[in-house]
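Results of the structural survey
Okay, here's what each chain looks like letter by letter:
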Amino acid sequence: MIQHHDLPLGKIDYCQVCGSKNLHDVIDLGHQAPCDSLLWPQQLDEAEKTYPLRFQVCKSCSLGQIDYVVPAEELFFPDYPYRSGITATLVEKLSKTAVSTLGRFDFPEDSLVMDIGSNDGTVLRAFKERGMKVLGVEATNIAKIANENGIETIQAFFNEETAQEIVKSHGHAHAICATNVFAHIASMGSIIRGVETLLEEGGVFVTESHYLMDLLETVQYDSIYHEHLRYYTLKSLIYLFDQYGFTITDVERIPNYGGSIRVFAVKGTDHEVSSNVADLLAEEEAYGLYDTDVFDKFAARTRKARDDLQQMVLDIRSRGERVVGIACPGRSSTLVNYTSLNPDLMPYIAEQSTSLKLGLFLPGMHIPIVDEQRMFDEEPEYAIMLSWHYAEAICNNLRKKGLKSKIIVPLPEVHILEA
Ligand SMILES: [Zn+2]
């Protein structure tokens, strides 16, 4: 049992949720630079900071975690190049947070709904369209884009102090969302206490986080990076929220980011709990998440996927054929660096022309990110789909635009999609 959930920086040797030291080391992905620390050309002349990237699981509460905390300001710098509104698939998925929440909770018109790490306001827009009052909290400069687009957004890190100020300025909230952010923040305790301060009694904290079962099932080792401090199971989340007087009343698995769980944690203890909760706990146990074998199998599949991809790329290059990368989500950094795909092997990564990442370089291997037009012009024989969790949608789109390259999908097992 730990007294609070606000982590120190650097190496940690206990479970971030339950405090147990009974941890099982699953895989070491080497020292890596923070995956979203894309570099400007002039930074290529400087030294680059890297940190250990090791994945482990708690044998007591079944939380997956990494064992090193990098300072937030090095991970979420003000020019953070990720914008959720960009892909149509993602916009559609993010709007489901509103549909699912408002389908379960009967809030009066004009209730306040907030989003922590609200990015460009995509999640909140869907609530606003359904009659809710909305307020975002976003630490990076993307807050400005949200405000320009009519989603009121405070540019700040969310914590207890921010929460107290918001209560004074905006009153209490009926719902607070944290989509794809709740597993990222070292000061998890401060967030939950802030949420408790802000929520009405009976209000709901809706979190969406990458789900540990999906990570193992589809070998998503590339979603392990420093921003993702924790990889939740339902069991570990129940343990966590119980300590703050919240009840997890419902849960659902959702496809976002290659497989996530959406959890509804209601403020207070006497709330009815859906049978979905017991069902998913049983599923976790049956899958083996409360044991270590399934994690060791995951590590073996990870190493095989890396070796197979390396070998395939070397074979292609030895035939004098070309390989480029397609799409540059945060996770591509882990995959490219763990697989040692340097610019000799893969000279660039193609991104759509609206991407904020064009002109930057992937950390570690320093692969330039270029407008996808170059790929269409050059027609390389092969392209590695680095956004492989959205492979189907992106491939269809690229084929329609005329891409003829064979597309290599690197995970769960390396395979090729012919044109
Ligand atoms: Zn634990």
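From a predicted model like this one, the values you see are computed outputs, not experimental measurements.

1. Quick look at the nonpolar core
- Core analysis: the biggest nonpolar cluster contains 118 residues, and V113, M114, I116, I176, M385 and L386 have the highest contact counts within it.
- Each of domain 1 (84–291) and domain 2 (308–417) accounts for three or more of the residues forming this core.
- Beyond its immediate sequence surroundings of up to four residues, I176 is in contact with M114, I116, V195, L198, L199 and F205.

2. As for the environment of Q56
- Mapping Q56 onto the fold places it in strand 3 (residues 51–58).
- Taking the C-alpha atoms as reference points, Q56 and I66, separated by ten residues in sequence, lie 6.1 Å from one another.
- In this structure, Q56 is in contact with L23, H24, D25, V26, Q65 and D67, ignoring residues within four places of it in sequence.

3. Regarding the sheet that holds strand 6 (residues 112–116)
- Pairing is mixed across the open sheet formed by seven strands, whose spatial order is 8-7-6-9-10-13-12. The sheet is open, and its two borders are formed by strand 8 (153–155) and strand 12 (246–254), each paired with just one other strand. Neighbour-to-neighbour, the strand axes of the sheet open up by a mean angle of 15°, direction not taken into account.
- The pairing of strand 12 with strand 13 (residues 260–267) spans eight bridges and is classified as antiparallel.

4. With respect to the sheet that holds strand 11 (residues 230–231)
- Strand order in the open sheet formed by four strands is 2-3-4-11, and the pairing between neighbours is antiparallel. Of all strands in the sheet, those with a lone pairing partner are strand 2 (23–32) and strand 11, marking the two edges.
- Packing against the sheet, helix 10 (residues 293–318) makes contact with strand 2 and strand 3, and its axis sits at approximately 25° to strand 2.

5. Section: the domain arrangement of the protein
- Here the protein is partitioned into domain 1 (84–291) and domain 2 (308–417).
- On a C-alpha basis, the centres of domain 1 and domain 2 stand 31 Å from each other.
- Domain 1 puts 13 residues into the contact, and the matching count from domain 2 is eleven residues.

6. As for unusual backbone geometry
- Each neighbour pair has its own omega, and for L411 with P412 the value is -5°, a cis peptide bond.
- With respect to the helices and strands, the residue P412 is situated in the loop between strand 18 (406–409) and strand 19 (415–417).
- Of note in the backbone geometry, S62 takes a positive phi value of approximately 70° without being a glycine.
- Looking at the secondary structure, you find S62 in the loop between strand 3 and strand 4 (64–66).
- Classification of S62 as buried rests on a count of 23 C-beta atoms within 10 Å.
- Here the phi dihedral of A327 falls at roughly 75°; this positive angle occurs in a residue that is not glycine.
- We classify A327 as buried; it has 25 C-beta atoms within 10 Å.

7. Digging into helix 5 (residues 160–170)
- Every buried residue of helix 5 is accounted for by T162, A163 and I166. Buried residues along helix 5 cover an arc of 100° about the axis, so they all sit on one side. Among the exposed residues of helix 5, those pointing more than 90 degrees away from its buried face are Q164, E165 and K168.
- The inward-facing, buried residues of helix 5 abut strand 7 (133–138) and helix 6 (188–198).
- G171 lies just past helix 5 and shows a positive phi near 85°.

8. Quick notes on helix 13 (residues 391–400)
- Taken together, the buried positions of helix 13 are occupied by I394, C395 and L398. Looking straight down helix 13, one finds that the buried residues subtend no more than 100° of arc, so they occupy a single side. Of the exposed residues in helix 13, the ones pointing more than 90 degrees away from its buried face are N396 and K400.
- Next to the buried residues of helix 13 lie strand 14 (323–326), strand 17 (382–385), strand 18 and strand 19.
- The positive-phi residue at the C-terminal boundary of helix 13 is G402, with phi of around 105°.

Parameters at a glance
Residues numbered from 1 in each chain as written. Predicted model: local features only at pLDDT ≥ 70, side-chain atom pairs only at ≥ 80, totals over all residues. Core = buried A, V, L, I, M, F, W, Y, C linked by C-beta atoms within 7 Å. Buried ≥ 20, exposed ≤ 12 C-beta atoms within 10 Å, placed from the backbone. Domains from an automatic or database assignment. Contact = placed C-beta atoms within 7 Å. Helix = DSSP H or I, 4+ residues; strand = E, 2+ residues; numbered from the N terminus. Pairing = 2+ DSSP bridges. Axes fitted to C-alpha atoms, helices over the stretch in contact; angles between N-to-C directions. Arc of directions from axis to C-beta.

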